[in-house]
Amino acid sequence: MKIQLRNVYKNYKNVEAVKDLTVDIEDGTLVCLLGPSGCGKSTTLSMIAGLDTPTGGEILFNGENFTGIAAEDRDIGMVFQNYALYPHMTIMENIAFPLKMRNVKKKERIEKVKRVAKIMQIEELLNRKPSKLSGGQQQRVAIARAIVKEPKILLLDEPLSNLDARLRIELREEIRSLQRKLNITTIFVTHDQEEALSISDKILLLNNGVLQQYSTPKDMYMSPKNKFVAGFLGNPPMNFMCGTYDSGKVFVESGNITLPLPVEILKFTEEFKDKPGQAEKCTLGIRPEDLVLCDRDEGIEGNIISVQTLGKEVYLNVDIKGLMLTACTSWENNYNSGDKVYLRAKRVYLFNK
Ligand code: ADP
Ligand code: MG
């Protein structure tokens, strides 16, 4: 089912939770709704679910206006962070509950429950009570309960935030493959940029209730439209610094020193307005992996302040005449704090000052 939001607003007493949101979510795709806490993700999801009414604008399903339609009349399955399973019911009864509400016959209920239980790999848990299940198992049950009615839309609000890191990765891959298998239009809310980058067809990034960018993970990472988007994706985050752009050349400012920075690729973001023939103050952005170590005559000089290992990558915090930048390297390069290094930039993003 295609979902369209047309100039959607949601105001609470003194908060504008969602402002003028217009977006198309294509049928059969998985879209992550991403952004910091309080940016309006859950509010947006609730309006799509019909649990909340927009203050303005329209929500369409397959081109039909559903704005005022009640939640139970929308073909939607939902999973929340705090999955509330009914404690007195078995897992079988929990999953069957939405079917029972719709007066589906017992035999058919059992068949359907068994089918989704198989998909979610929880067949052996059907006779247990929720209290006997781990957090990951309970969340599988919650997903099974959401899809048992075979809805056209699946909405998940931070469904994995209560789980430990390893299980989170495992379950997000499962949700992704389930979504593909069922070909169900899915909106997955998360504040975790890595989670969004790994499972989405498209990411919808919000900040303060305002859409920042809506694009594929790759586009969002490689071609951020503004500084917020650039800074929100990536860990460790992009380095930002004051600089000047002048006819294809870039200079870094550190204190009152201006250093020419060797750059391979210059990326003009949508927010940066180039005034030809004129030097322009700007904010420069360089991702740690784009800040590369080089020979003395190719780069600018800095001193390593600290070395940080994150999984298989090694990050160097480098001081360039008072400017602190993070560069990425690998284990085989044995750098230590105090070492002198030379840096150049593979890719530099230009933002408004
Ligand atoms: P997110 O899910 O991205 O963390 P929410 O959509 O829950 O953010 O909230 C967006 C903003 O709207 C926040 O400032 C929040 O405090 C406010 N808000 C959400 N629900 C209500 C409500 N029922 N009454 C008043 N303010 C609300
Ligand atoms: Mg929320």
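Structure: above.
Now for a quick tour of the structure. Note that the coordinates shown come from a computational prediction; the quantities given were computed from them, not determined experimentally.

## A few points about the packing of helix 4 (residues 135-147) against helix 5 (residues 165-182)
Next up, step 1: Where helix 4 meets helix 5, the closest approach of the two axes is 11 Å, and the angle between their N-to-C directions is 15 degrees. Here helix 5 runs roughly parallel to helix 4, going by the angle between their axes. As helix 4 runs across helix 5, the sense of the crossing is right-handed. Contacts from Gly136, Gln139, Arg140, Ile143 and Ile147 in helix 4 reach Leu167, Glu170, Leu171, Glu174, Ile175, Leu178 and Leu182 in helix 5.
Next up, step 2: Considering only residue class, the contact of helix 4 with helix 5 consists of seven nonpolar, two polar and three charged.

## Things to note about the sheet that holds strand 10 (residues 210-215)
Next up, step 1: Read across the sheet, six strands follow the order 6-7-8-3-9-10 without closing on themselves; strand pairing throughout is mixed. In this open sheet, the two edge strands, each paired with only one partner strand, are strand 6 (76-79) and strand 10. Taken pair by pair, the neighbouring strands of this sheet meet at an average axis angle of 15 degrees, ignoring direction.
Next up, step 2: Note that strand 3 (residues 30-34) and strand 9 (residues 202-207) share four bridges and pair parallel. What sits directly across from Cys32, in strand 9, is Ile203.
Next up, step 3: Packing of helix 1 (residues 41-49) onto the sheet brings it into contact with strand 3, strand 6, strand 7 (153-157), strand 8 (185-190) and strand 9, and relative to strand 7 it is tilted by some 155 degrees.

## Points about the layout of surface pockets
Next up, step 1: Roughly 660 Å³ of volume is contained in the largest pocket.
Next up, step 2: Only strand 6, helix 2 (91-101) and helix 4 provide two or more residues apiece to the lining of the largest pocket.
Next up, step 3: Ranked by the residues each element gives to the lining of the largest pocket, the list is headed by strand 6, at four residues.
Next up, step 4: Considered class by class, the residues forming the lining of the largest pocket number 15 nonpolar, two polar and five charged.
Next up, step 5: By volume, the second largest pocket is sized at about 360 Å³.
Next up, step 6: What lines the second largest pocket is a set of 14 residues, among which Glu194, Asn235, Pro236, Glu313 and Tyr315 lie closest to the centre.
Next up, step 7: Secondary-structure elements contributing two or more residues to the lining of the second largest pocket are helix 6 (193-199) and strand 18 (313-320).

About the thresholds
Once a new chain begins, its residue numbering starts again from 1 and follows that chain's sequence as written. Chain labels run from A onward and ligand labels from 1 onward, assigned in the order the entries are written. The predicted nature of this model means local features are confined to residues of pLDDT at least 70 and side-chain atom pairs, given and counted, to a pLDDT of 80 or more, with totals for whole chains, interfaces and linings taken over all residues. The basis for every side-chain value is the complete set of heavy atoms in the structure, and neither hydrogens nor water enter the calculation. In this description, a line fitted to the C-alpha atoms serves as the axis of each element, helices being fitted only across the stretch in contact, and the angle between N-to-C directions of two axes falls anywhere from 0 to 180 degrees. Only DSSP runs of H or I with at least four residues qualify as helices, and only runs of E with at least two residues qualify as strands; both kinds are numbered from the N terminus onward. Should an angle fall under 35 degrees it is taken as roughly parallel, and over 145 as roughly antiparallel, whereas 65 to 115 is taken as roughly perpendicular and any remaining angle as oblique. Should the near helix be turned anticlockwise from the far one by less than a right angle, the crossing is left-handed, and should it be turned clockwise, the crossing is right-handed. Pairs of residues are marked as contacts when any of their non-hydrogen atoms sit within 4.5 Å. Basically, the charged four are Asp, Glu, Lys and Arg, the nonpolar ten are Ala, Val, Leu, Ile, Met, Phe, Trp, Tyr, Cys and Pro, and anything else, Gly included, counts as polar. Should DSSP find at least two bridges between two strands, the strands are regarded as paired. Residues are called lining when one of their atoms sits within 4 Å of a cavity or pocket point, these points coming from a 1 Å grid over the protein atoms alone, where a cavity is a set in which a 1.4 Å probe fits but cannot get out and a pocket is an open set with protein on both sides within 12 Å along at least five of seven lines. Grid points are joined across faces, edges and corners, and a volume is the space filled by probe spheres set on the points.

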